[in-house]
Amino acid sequence: MANAEHYIGLMSGTSLDGVDAVLVDFSGDQCRIIGKSFLPFDQSLRDRLMAIQGAQPNELHLAALLGNDLARLYAKSVHKLLDAERLSAGAAIAIGCHGQTIRHRPETGYTIQLCNGALLAELTGTIVVCDFRSRDIAAGGQGAPLVPAFHHSVFAHSSVHRVVVNIGGIANITDLNGGKALGFDTGPGNMLMDGWTQLHLGKPYDKGGAWGRGGRCLGDLLQSMLTDKFFSSKPHKSTGRELFNSAWLNDHLSGNENPQDVQATLLALTATSIAQAVNAYCKGAKELYVCGGGAANSALIECIATELPEMSIASTAILGIDPDWVEACAFAWLARQALLLRPGNLPPVTGAAGPRVLGAIYPA
């Protein structure tokens, strides 16, 4: 029998590495992780997801097949999570599933996250809530970032001005100033660094930022990349692989750069764009907490600290949630918000016309 305060969150992001799954207890409106698991994407699935990011023949059919394959993988991750905790199917009230973003075009009124929610509900015997971004976009918002609402719920302090930086494929910040919250995407997080590492080292990411740390930041290249109008545009704003991709990077390269120096410069781009956003929109903040995969990149964290010398910097682990699992927890929380008919967005963050209950619900 499902516990009234247990929810599962599933997150697969722009890094295309796999599925984070968490079982969360929200008793007393707190957020306590009971169990967690990670299921990697195989290379075939990763390649097909990368290919569907751009236009191709028969893409509607291919996207539907991918949605089914992802639902099966999400279901497998749920069963793995529950088995590890020796719990039966249906131990949670609902599953909050972000799905896999393949298009994010709020300026044209839509966003697409692949997940066959009906199939996932069928395979798990559990209520599924997914498609969280569309309602916010329908209300005139960006549909992203959505995690600031969760950050506000669990990390805000009544008297301490904090910033939470989520560094996944894309980086976003949440400014928590008393009862107020502001948030937006700042630009690339790990995505460009990961792609460059894969291209030149054949590895999915630069562990600890070791390769980038050994390179030299190319000042002219960094300034060229920072001239992109996204960085100077004002919130509300969100972005993704549609903008920050290998073609974008190649447009800024001469072709004669040392690859390790380019990696160092991409690291500096992530750190600098985050620091510039904090300086511009989070004035007076004293504490910065990092979550997402970028929290494990010590070279990146050191670069951010150099850019923001007046701030104390730590991971969200100090606040009670391991940085690797914050986003998955956020979608468990969003599922709970949906079933309780509570808003899941923050209009000052996304630009929506008002608070909205987010998500499409598929009964068990």
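Figured I'd write up the structure that's included with this text.

### Comments concerning the pairing of strand S4 (residues 94-97)
- Alternating positions in S4 separate into two faces, Ala-94 and Gly-96 on one and Ile-95 and Cys-97 on the other, with burial throughout.
- Inspection of the sheet shows strand S1 (residues 6-11) paired to S4 by 4 bridges, in the parallel sense. From the neighbouring strand, Leu-10 faces S4, where its bridge partner is Cys-97.
- Across 3 bridges, S4 lies against strand S7 (residues 127-130) in parallel orientation. Bridge pairing links Ile-95 to Val-128 in S7.

### Some details on the pattern of salt bridges
- Within the structure shown, the criterion is met by 8 salt bridges.
- Measuring nitrogen to oxygen at the nearest pair gives 2.9 Å for the salt bridge that ties Glu-287 to Arg-162. A residue pair is termed long-range when its members are at least 10 positions apart, and Glu-287 in strand S11 (residues 287-291) and Arg-162 in strand S8 (residues 162-167) qualify at 125 residues. Like Glu-287, the residue Arg-162 is buried in the burial classification.
- Taken together, the shared-partner salt bridges in this structure form one network comprising Arg-48, Asp-69 and Arg-72.

### Quick notes on the packing of helix H11 (residues 259-281) against helix H12 (residues 298-307)
- Orientation of H11 relative to H12, taken along the N-to-C sense of each, is 40°, at an axis distance of 9 Å. In terms of orientation, H11 lies oblique with respect to H12. Viewed along their axes, H11 and H12 form a crossing whose handedness is right-handed. In contact with Leu-267, Ala-268, Thr-270, Ala-271, Thr-272, Ile-274, Ala-275 and Asn-279 of H11, H12 contributes Ala-299, Leu-300, Cys-303, Ile-304 and Glu-307.
- A class-by-class count of the residues in the contact of H11 with H12 yields 9 nonpolar, 3 polar and 1 charged.

### Here's the deal with helix H6 (residues 191-201)
- Those residues of H6 that fall on the buried side of the exposure criterion are Met-191, Leu-192, Met-193, Asp-194, Trp-196 and Thr-197.
- Against strand S9 (170-177), strand S10 (180-188), helix H7 (210-213), helix H10 (246-252), H11 and H12 lie the buried residues of H6.

### So, the sheet that holds S7
- Strand order in the open sheet formed by 6 strands is S3-S2-S1-S4-S7-S13, and the pairing between neighbours is mixed. Of all the strands in the sheet, the pair left with one neighbour each is strand S3 (32-40) and strand S13 (360-362). Between one strand axis and the next, the sheet turns by 20° as a mean value, whatever way the strands run.
- Bridge analysis of S7 against S13 gives 3 bridges, and the strand direction is antiparallel. Bridge pairing in S13 links Val-128 to Tyr-362.
- Relative to the sheet, helix H13 (residues 326-339) contacts S1, strand S2 (18-25), S3, S4, S7 and S13, its axis offset from that of S1 by approximately 125°.

So, how was this worked out
Counting from 1, residues in each chain are numbered in the order their sequence is written. Whole-chain, interface and lining totals are the exception, using all residues; otherwise, since this is a predicted model, local features are given only for residues with pLDDT of at least 70 and side-chain atom pairs are given and counted only at 80 or more. Hydrogens are left out, water is left out, and the side-chain values use all remaining heavy atoms of the structure. We call a residue buried when its accessible area falls under 20% of the maximum for its residue type, exposed when it is over 50%, and partly exposed in between, using a 1.4 Å probe and counting protein chains only. Numbering of helices and strands runs from the N terminus; a helix is a DSSP stretch of H or I covering at least four residues, while a strand is a stretch of E covering at least two. At least two DSSP bridges between two strands are required for those strands to pair. Only one rule defines a salt bridge in this text: a Lys or Arg side-chain nitrogen within 4 Å of an Asp or Glu carboxyl oxygen. Under this scheme, a helix contributes an axis fitted over its contacting stretch, all axes are lines through C-alpha atoms, and angles between N-to-C directions fall in the 0 to 180 degree range. Every angle not falling under 35 degrees, over 145, or within 65 to 115 is termed oblique; those three ranges are roughly parallel, roughly antiparallel and roughly perpendicular. We call a crossing left-handed when the near helix sits turned anticlockwise from the far one by less than a right angle, and right-handed when that turn is clockwise. What makes two residues a contact is simply this: any of their non-hydrogen atoms within 4.5 Å. Side-chain classes follow a simple rule in which Ala, Val, Leu, Ile, Met, Phe, Trp, Tyr, Cys and Pro form the nonpolar group, Asp, Glu, Lys and Arg form the charged group, and the remainder, Gly included, forms the polar group.

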